[in-house]
Amino acid sequence: MDVWLIYLWSLIGPFGLVLILRLLPLGILLEEVFKGMLVIWLVKSDRRATVLAALGIGLAYGFSELVLYGLNYWPTGAFVAGLGRLLLTVPMHGLTTMLWWLGAKNGKFWLGAAAALALHLAFNLVV
C-alpha cells in the first residue's frame, strides 16, 4: 500500500513545491530532497523495490511538473515548450530518482544525493 501512496505523493509534489518555490529560490534542492524522501520511503517500505520503481516515481513527478507548468504556456499555444519538457525534463527526473535509489540501496545515500543534485544542476545549466 505504501508504494501507491509514494506514487500519489510524486504526482502531488510539484503542486505543493511550487508554493514554497515562490518564497525560496532553492528549486533544484527542494525538488531533489522531495524525490529523495520518496525514495527513502520506497526503500524502507518495500525491500524488494527495484530501480524501475524509483524510475516510476521520478517519471510521475516529472509528468506532474509538466502538467503544472503546461497550465501556464498551453493556453498561449506554446506546445513546442511542452514537447521539449516531455522529452527532456520528465526523463531527467526519472534518472535523478534512480540515482537516489542507487545511493540508498548501496548504503551511500550521500553519493546518490550528490549525483542527483549534480545531474539536475547540469541539466538546468545546459537546457
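Residues numbered from 1 in each chain as written. Predicted model: local features only at pLDDT ≥ 70, side-chain atom pairs only at ≥ 80, totals over all residues. Heavy atoms only, no water.

### Structural notes on the overall build of the chain
Here is step 1 of the chain: A count of helices and strands for the chain gives 5 helices and 0 strands.
Here is step 2 of the chain: Counting helices and strands in the order they occur from the N terminus, the chain gives α-α-α-α-α.
Here is step 3 of the chain: The principal-axis extents of the C-alpha atoms in the chain amount to approximately 45 × 30 × 30 Å.
Here is step 4 of the chain: Put simply, the chain has 127 residues, and 37% of those count as buried.
Here is step 5 of the chain: For the chain, the computed accessible surface area is about 7300 Å², with 76% contributed by carbon and sulfur atoms.
Here is step 6 of the chain: Within the chain, the 5 negative side-chain charges are centred at a point lying 6 Å from the centre of the 8 positive side-chain charges. (Helix = DSSP H or I, 4+ residues; strand = E, 2+ residues; numbered from the N terminus. Buried < 20%, exposed > 50% of the residue type's maximum accessible area, 1.4 Å probe, protein only. Areas by Shrake-Rupley, 256 points an atom, 1.4 Å probe, with all protein chains shown as cover. Lys, Arg positive; Asp, Glu negative; His and termini not counted. Charge placed at Lys NZ, Arg CZ, Asp CG, Glu CD.)

### Notes on the confidence of the model for the chain
Here is step 1 of the chain: Within the chain, residue pLDDT values average 88, and 96% of them lie at 70 or more.
Here is step 2 of the chain: Mean pLDDT across the elements of the chain ranges from a minimum in helix α1 (residues 2–21), with 80, to a maximum in helix α5 (residues 109–126), with 94. (pLDDT = per-residue confidence, 0-100.)

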